[in-house]
Amino acid sequence: MDPVVVLILVAALVVMFLVAATVRIVPQARRYNIERFGRYRRTLQPGLNFVLPVADRVNTKLDVREQVYSSDPKPVITEDNLVVNIDTVLYYQITDPRAAAYEVADYLHAIDQLTVTTLRNVIGSMDLEGTLTSREEINARLRAVLDDATGKWGIRVNRVEIKAIDPPNTIKEAMEKQMRAERDKRAAILHAEGERQAKILTAEGTKQKDILEAQGTQQAMILRADGESKAVELVFQAVHRNNADAKVLAYKYLETLPHLAQSDNNTFWVIPGELTEAIRTVTTAFGDQSSATGAPPSARRADGTAADVADSDKDDVGAPEIEPNSTLALDAVAAADEAAKQAAVAVSDAKAEAEAAGETRLPGRGQMSGE
């Protein structure tokens, strides 16, 4: 082969090598640290960059995007001497590629160890319940410590999250029992509260019902008393309007006697003391009229003028006048006899009942016979 051609090929290869060694293309979100003869020179930014061949070389290639690092569960002792395994997740970002490459040998391992020590310091001052319920506080304290320590390493810790806290199995069983007991307690409280509300509502309903029934009974008694009052008033007015004499009142008095013993619940009966006087009044009244009808006019009146005056006086006071041999006189006599018989029967029945009860009192004026 021609030596000239060989030299040309060698020169071309050297040029290609030099060009390749001179040009550096950096991708986006990447940073390259350049060393010249073993000393940090500069950091290449994304895009096309030129370096001195042979003299400059790329030491580290770093990714400046936010990254996630999940550590393995680490045993931590709480304040109440319980060992729990805590798994953390770290979100970090490289802000200074030179410091991340030259200030710390392995920044991930350093961050992991710093996280463990910080966790032990933070959780060592909390009990188990505080550890389980204070994740936000733990995250804030971890972030503050890590951000302060990793700042000189050119790394910014954006977030630190506790992914899991695993207590021992015995503690888990005790917590489950506690939660079950708490749920049973809440259920019992809710059930008791429901029964309490139901009883209160039932009592309120019963109270309203009793009040309404009492008001209804009161209104009924008022209306009944008002009706009886008006009835008595009408009877009283009718009696006085018709100007009834003592004979009619005595007869009506005797008519009410048989009603005293009609009720089955009566255990004693009141025999009025005026019974004999009422019977005597009715008998005398109707007996005198019947004898007067059979007597001659001369025997009944000694003086005709006096008789006329007496008759005129009767007409003035409005006393009933019964003509001799009239049907009204016979009916009145029969009614009086029947009333006397009924009164005698009522008295005998009352006395028989009283004797049967073993407690008998002789009826008299103003006295009572009871059981």
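Each residue is numbered by its place in its chain's sequence as written, counting from 1. Restriction of local features to residues with pLDDT of at least 70 applies here, the model being predicted, together with a cutoff of 80 or more for giving and counting side-chain atom pairs; totals for whole chains, interfaces and linings are based on all residues. The side-chain numbers reported here are obtained from all heavy atoms of the structure, hydrogens and water having been left aside.

Attention shifts here to a negative patch on the surface. Each patch is built from residues that are more than 30% exposed by relative accessible area and take part in no salt bridge. Like charges join if they lie within 9 Å; nonpolar side chains (Val, Leu, Ile, Met, Phe, Trp, Tyr) join within 5 Å. Computed with the Shrake-Rupley method and a 1.4 Å probe, the accessible areas treat only the protein chains shown as cover for residues. A side-chain nitrogen of Lys or Arg and a carboxyl oxygen of Asp or Glu constitute a salt bridge if their distance falls within 4 Å. Counting rule for charge: Lys and Arg are taken as positive, Asp and Glu as negative, and neither His nor the chain ends is counted. Charge positions come from single atoms, namely NZ of Lys, CZ of Arg, CG of Asp or CD of Glu. Together, Glu79, Asp80, Asp127 and Glu129 make up a region of like negative charge exposed at the surface. Note on conventions: DSSP H or I runs of at least 4 residues are helices, E runs of at least 2 residues are strands, and numbering of each starts at the N terminus. Looking at the element boundaries, Asp127 is found in the loop between helix H3 (107-123) and helix H4 (128-133).

All right, on to the side chain of Thr43 then. Examined against the element boundaries, Thr43 turns out to sit in strand S3 (residues 39-44). N or O atoms closer than or at 3.5 Å make up a polar contact, with two conditions inside protein: a donor-capable atom paired with an acceptor-capable one, and, for residues adjacent in sequence, both atoms drawn from side chains. A polar side-chain atom of Thr43 sits 2.9 Å from a polar atom in the side chain of Asn33. A polar contact is formed between the side chain of Thr43 and the side chain of Tyr40, at a distance of 2.6 Å. The criterion used for residue contact is that any of the two residues' heavy atoms lie within 4.5 Å. When residues no more than four places from it in sequence are discounted, the contact partners of Thr43 are Arg31, Tyr32, Asn33 and Pro97.

Before going further, it helps to spend a moment on the nonpolar core. Within the largest apolar cluster, 28 residues are counted, with the highest numbers of intra-cluster contacts made by Ile86, Leu90, Ile138 and Ile155. Taken together, the elements giving at least two residues each to this core come down to strand S8 (83-94), H3, helix H5 (135-150) and strand S9 (155-166). Dropping the residues within four chain positions of it, Ile138 is found in contact with Leu119, Val122, Ile123, Met126, Thr131 and Ile162. In terms of nonpolar packing, the next biggest core, distinct from the first, is built from five residues, Val26, Tyr32, Ile34 and Leu44 among them. The set of buried Ala, Val, Leu, Ile, Met, Phe, Trp, Tyr and Cys residues whose side-chain atoms join them within 4.5 Å is what this entry labels a nonpolar core. Note on exposure labels: buried denotes an accessible area under 20% of the residue type's maximum, exposed denotes more than 50%, and partly exposed covers the range between, all computed with a 1.4 Å probe on protein chains only.

A word on unusual backbone geometry. A negative phi angle is the norm for most residues apart from glycine, just as the trans form is the norm for most peptide bonds. The phi torsion at Ala29 lies on the positive side, around 65 degrees, for a residue other than glycine. The residue Ala29 is located in the loop between strand S1 (23-26) and strand S2 (30-36) in this model. For Phe37, which is not glycine, the phi torsion reads 55 degrees and is therefore positive. Within the secondary structure layout, Phe37 lies in the loop between S2 and S3. For Phe37, a relative accessible area of 69% corresponds to the exposed category.

The next thing to look at is the confidence of the model for the chain. Values of pLDDT, which run from 0 to 100, indicate the predictor's confidence residue by residue. Counting all residues, the mean pLDDT for the chain is 75, and 65% of those residues have values of 70 or more. Of the regions scoring below 50 in pLDDT, residues 289-330 engages in 15 contacts with residues more than four places distant in sequence or in other chains. Below a pLDDT of 50 lies the segment residues 359-371, which in the model reaches 24 contacts outside its immediate sequence neighbourhood of four places, other chains included.

This next bit is on the sheet that holds S2. Paired strands, as defined in this entry, are two strands with at least two bridges between them according to DSSP. Taken together, three strands build an open sheet; the order of strands is S3-S2-S5 and the sheet is antiparallel. Either end of the sheet is taken by a strand with one partner, and the two such strands are S3 and strand S5 (56-63). Across the sheet, the mean angle from the axis of one strand to that of its neighbour is 25 degrees, orientation sign disregarded. Pairing between S2 and S5: seven bridges, direction antiparallel. Looking at the pairing, Ile34 lines up with Val58 of S5. Axis lines are fitted to C-alpha atoms, over the contacting stretch for helices. Their N-to-C directions set the angle, which ranges from 0 to 180 degrees.

A few words now on H5. By this rule, a helix spans an expected 1.5 Å times one less than how many residues it contains. The terminal C-alpha atoms of H5 lie 22 Å apart, and with 16 residues this matches the ideal 22 Å at 1.5 Å per residue to within 8%. Listing the buried residues of H5 in full gives Ile138, Asn139, Leu142, Leu146 and Thr150. Along the axis of H5, the buried residues cluster in a sector spanning 95 degrees; they form a single face. Exposed positions of H5 whose direction lies more than 90 degrees from the buried face are Glu136 and Asp148. Turning to H5, the residues buried within the fold contact S8, H3, H4 and S9. The reported arc concerns the directions from the helix axis to the C-beta atoms and nothing else.

Next up on the list: the environment of Glu136. Within the fold, Glu136 resides in helix H5. For Glu136, a relative accessible area of 64% gives the class exposed. When the C-alpha positions of Glu136 and Glu161 are compared, they lie 8.5 Å apart, and in sequence the two are 25 residues distant.

Take the packing of aromatic side chains next. Put simply, two rings from Phe, Tyr or Trp (the six-membered ring, in Trp's case) pair if the centres are within 6.5 Å, and we call them stacked under 30 degrees between planes, edge-to-face over 60, tilted for the rest. One pass over the structure, following the stated rule, counts two aromatic pairs. Geometrically, the ring pair formed by Tyr40 and Tyr102 is edge-to-face, given 5.5 Å between the ring centres and 65 degrees between the ring planes. Highlighted residues: Tyr40 in strand S3 and Tyr102 in helix H2 (residues 97-102), separated in sequence by 62 residues. Residue Tyr40 is classed as partly exposed on the basis of its relative accessible area of 29%. Ring geometry for Tyr92 and Tyr107: centres 6.0 Å apart, planes at 65 degrees, overall edge-to-face.

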